[in-house]
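# Structure assessment
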Amino acid sequence: MTVLGIETSCDDTSAAVYDTEKGLLSLVISSQMEHAEFGGVVPELASRAHLSLILPVIDQALSKANLILDDIDSIAVTAGPGLVGSLLVGVSAGKAIALARNIPLIGVHHIEGHIYSNFIAEPFPPYPSIALVVSGGHTELIMMKAPLEYEVLGKTRDDAAGEAFDKIAKLLGLGYPGGPAIEKKAHGKNSSFVDFPISKVPGYEFSFSGLKTAVKVYVNGKEEAFVRCHLADILASFQQAVVQALVEKTLKALTDYHVDTLLLAGGVAANRALRDRVSAEACRLGFTLFEPPIIYCTDNAAMIARAGHERLMSGITSPLSLSPEARLPLRGAKG
Ligand code: KG4
Ligand code: ZN
């Protein structure tokens, strides 16, 4: 079976082809640059850009896979959560192709896609495993008990980790997306320069708005020249606080649930400081770590095609009345 995946939930227009026998055949991602000057994604610009990019991106994914539309057995598309105008472009394209070719349509939850970025290249993770999904819109710990079976253990009460990176980058004039810019500046710098607070929310929940405010208060309380001079150390300290908060809760979940496999997923999982810290903890504590290649961490259609393939193999498809949802709860195979 060959699945064409489509992802347009935010500001990346992406298409990919995944095949049962041969695995991932192609992946094309077109990242929209028009948002950089605004310090964040402008929804109206994003949906218009998706509209002009979606067909060329799908064509490229097919031609890279050496296929034509006739060879595709199913369409998997991100149905939510995300920016509704952006989702609408991908869902409409997916529905049109499914209708015209008379092939099944599969709506995929964006977080399910991120989790399945760990299942693109073999070896695949065992069950049960716990996924730390960290992106611009989500920060969640999710238990995966079986294929397509999820239990959300905890999520952020306010900002997502990626959102915190983006907001601090905007505050300090580093542009958008903030995560890669902060990581680059902070690399090798003094992460103990400022002792930023780690939130003490209970259980497996997260909170990053207090940290964001603490950085703002710190920066506003210093001379501009001091901030400029110590910018990299301040950013390294902020990054370290985010990593510490993520790692503390993740280790607690692994221990409490007696699970020994951790999956990283989402754009922030591309962060070198987070990956290094989690790898070190995996060695120290003896759990198995799956971390997807960076191209599969940030938004991409390979993860959507892969998750769609899993749904197809379980006989779960969506009606042609599928409509995008800005807010969509994560539901597994059992609903
Ligand atoms: O998964 P993703 O591409 O889109 C969402 O689903 O939100 O994640 C994008 C987020 C942005 O907030 C971006 O700043 C962050 O991931 N990000 C990073 C890195 N690369 C992307 N954060 C920290 N370090 C990185 N290297
Ligand atoms: Zn994402």
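Given the structure is predicted, the values throughout are model-derived calculations rather than measurements.

### Notes on unusual backbone geometry
The amide bond that connects Glu-122 to the next residue, Pro-123, takes the cis arrangement and shows omega of 5 degrees. With respect to the helices, strands and loops of the structure, Pro-123 is situated in the loop between α3 (110-116) and β6 (129-134). Residue Pro-177 follows Tyr-176 across a cis peptide bond; omega there is -5 degrees. Note that Pro-177 resides in the loop between α4 (161-171) and α5 (178-186). Its identity as a non-glycine residue notwithstanding, His-258 has a phi of 55 degrees, on the positive side.

### Side note on the site of ligand 1
Close to ligand 1 lie 21 residues; Gly-136, Asp-166, Glu-183, Asn-271 and Asp-299 are nearest. The side chain of Ser-135 places a nitrogen or oxygen atom 3.5 Å from an oxygen atom of ligand 1. About the coverage of ligand 1: the protein hides 91% of its 550 Å² of free accessible area. For the shell around ligand 1, the elements supplying multiple residues, two or more each, are α3, α4 and α5. Residues that form the shell around ligand 1 fall into these classes: six nonpolar, 12 polar and three charged. Of the residues that make up the shell around ligand 1, three or more belong to each of domain 1 (2-117 + 298-313) and domain 2 (126-292).

### Quick word on the packing of α5 against helix α7 (residues 224-256)
Close contact between α5 and α7 brings their axes to 8 Å; oriented N to C, the two are set at 115 degrees. Here α5 and α7 pass one another in a crossing that is left-handed. Touching Ile-182, Glu-183, Lys-185 and Ala-186 of α5 are Leu-231, Ala-232, Leu-235, Ala-236, Phe-238 and Gln-239, all from α7. Of the residues contributing to the contact of α5 with α7, the split by class is seven nonpolar, one polar and two charged.

### Some remarks on the coordination of the zinc ion (ligand 2)
Each protein donor to the zinc ion (ligand 2) is listed here as His-110 (NE2), His-114 (NE2) and Asp-299 (OD); together their distances run 2.0 to 2.1 Å. Sequence positions of the residues that donate to the zinc ion (ligand 2) give the spacing H-x3-H-x184-D. A residue pair is termed long-range when its members are at least 10 positions apart, and His-114 in helix α3 and Asp-299 in the loop between α9 (294-297) and α10 (301-313) qualify at 185 residues. Overall, the relative accessible area of 15% leaves Asp-299 in the buried class.

### Some remarks on the packing of helix α1 (residues 43-64) against helix α2 (residues 84-101)
Across the interface, α1 lies against α2 with an axial gap of 8 Å and an inter-helix angle of 30 degrees. Judged by the angle between their axes, α1 and α2 are roughly parallel. Of the two elements, α1 crosses α2, and the hand of that crossing is right-handed. Where α1 abuts α2, its residues Ala-46, Ser-47, His-50, Leu-51, Ile-54 and Ile-58 lie against Gly-85, Ser-86, Val-89, Ala-93 and Ile-97. Class assignment for the residues of the contact of α1 with α2 results in seven nonpolar, four polar and no charged.

Parameters and conventions
Residues numbered from 1 in each chain as written. Chains lettered and ligands numbered in written order. Predicted model: local features only at pLDDT ≥ 70, side-chain atom pairs only at ≥ 80, totals over all residues. Heavy atoms only, no water. Helix = DSSP H or I, 4+ residues; strand = E, 2+ residues; numbered from the N terminus. Near = heavy atom within 4 Å. Polar contact = N/O pair within 3.5 Å; in protein donor to acceptor, adjacent residues only side chain to side chain. Areas by Shrake-Rupley, 256 points an atom, 1.4 Å probe, with all protein chains shown as cover. Nonpolar A, V, L, I, M, F, W, Y, C, P; charged D, E, K, R; others polar. Domains from an automatic or database assignment. Axes fitted to C-alpha atoms, helices over the stretch in contact; angles between N-to-C directions. Left-handed = near helix turned anticlockwise from the far one by under 90°. Contact = heavy atoms within 4.5 Å. Donors = N, O, S within 2.8 Å, 3.2 Å for Na, K, Ca; no water. Buried < 20%, exposed > 50% of the residue type's maximum accessible area, 1.4 Å probe, protein only. Parallel < 35°, antiparallel > 145°, perpendicular 65-115°, else oblique.

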